[in-house]
Amino acid sequence: LSTPELGRALLTATSNGDNPFDVLFLDGCFYGNLDTLYEIRNTASVIVASPNYAWAAFAYDRYLPHFTPGATPEEMAQAIVDEYQAALDDTHPNAIFWVRGSDIAAIANALSNLGDALRAAVSGQPSAVSDILDAALAGQFADTTLCAGDWQLCPPDEQMGLRSFAAQLQTRFAPGSDVHTAAGNVLTALNGVHSNTANAVGHPWLKPEANWDLS
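What you see is a predicted model; the values in this text were computed from it and never measured.

Chemist: Can you walk me through unusual backbone geometry in this structure?
Modeler: Cis peptide bonds are those with omega within 30 degrees of zero, and the linkage from P155 to P156 qualifies with 15°. Considering the arrangement of structural elements, one finds P156 in the loop between β4 (141-142) and β5 (159-160). Unlike most non-glycine residues, N16 shows phi in positive territory, near 60°. With respect to the element layout, N16 can be found in the loop between α1 (3-13) and β1 (21-25). For N16, a relative accessible area of 58% translates into the label exposed. Phi is positive for F30, close to 70°, though the residue is something other than glycine. Relative to the helices and strands, F30 is located in the loop between β1 and α2 (34-39).

Chemist: Any chance you could explain helix α5 (residues 101-124) here in plain terms?
Modeler: The α-helix advances 3.6 residues per turn, and as a result positions three or four apart in sequence lie on the same side. With 24 residues, α5 extends 36 Å from end C-alpha to end C-alpha; this agrees with the ideal 34 Å at 1.5 Å per step. Of all the residues in α5, the buried ones are G101, I104, I107, A108, A110, L114, A117, L118 and A121.

Chemist: How do you make sense of the layout of surface pockets when you look at a structure like this?
Modeler: If you roll a probe as big as a water molecule over the atoms, it shows you where there is empty space left. Its volume calculated, the largest pocket comes out at about 850 Å³. Lining the largest pocket we find 33 residues, and of these P51, M160, G161, L162 and R163 sit closest to its centre. If you list the elements that add at least two residues to the lining of the largest pocket, you get α2, β3 (97-100), α5, β4, β5, α7 (162-172) and β6 (193-195). Tallying contributions element by element places α7 first for the lining of the largest pocket, with four residues.

Conventions we followed
Residues numbered from 1 in each chain as written. Predicted model: local features only at pLDDT ≥ 70, side-chain atom pairs only at ≥ 80, totals over all residues. Heavy atoms only, no water. Helix = DSSP H or I, 4+ residues; strand = E, 2+ residues; numbered from the N terminus. Buried < 20%, exposed > 50% of the residue type's maximum accessible area, 1.4 Å probe, protein only. Expected span 1.5 Å × (residues − 1). 1 Å grid on protein atoms, 1.4 Å probe; cavity = no way out; pocket = protein on both sides within 12 Å on 5 of 7 lines; lining within 4 Å. Points joined across faces, edges and corners; volume = space filled by probe spheres on them.

Such coordinate-based values are descriptive only and should not be taken to indicate function.
Here it is in structure tokens:
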């Protein structure tokens, strides 16, 4: 399935979002990207996903006891996050989170506004190009170069961490500027993303000399 096809399939399964899932757990690598989340935002009350490698823990026996009639979708989602990370050790650094489907549009809108501010800055401020590049390079990445055996969180990886990118932009653009304000709005919108960073830092067992800091 393409990303839009995944969205259409889940919309069909939920009667166009009228009967959303309580919790939708996308138990695979790289599903926690905004393009994917945006397409399925109306199909679940809460979505659990990983923006980086989702190591093959398959800890379903740990999740199930938390799925009780009295548990809220948020409580069940946090239990998945906590139990998933508890099933791993520090040789499996990871990032996994939950977010309410209703909060995803606000994150997407904040990112869109940041894009507009960056385009305007590039047009009117010669130094903005290097400032934006520096902010990107100083941010966090998802390692999308597995087939090449890279295992480093850096370019040429294709996926960037939105929170770290926005934070780095704020250090390079003056308070009160459109970019600084837009980046701050992104960080505020990302307060709706909930995680547990207990196992976010470590050395990938396939390349122990590398260190991943996914906080």
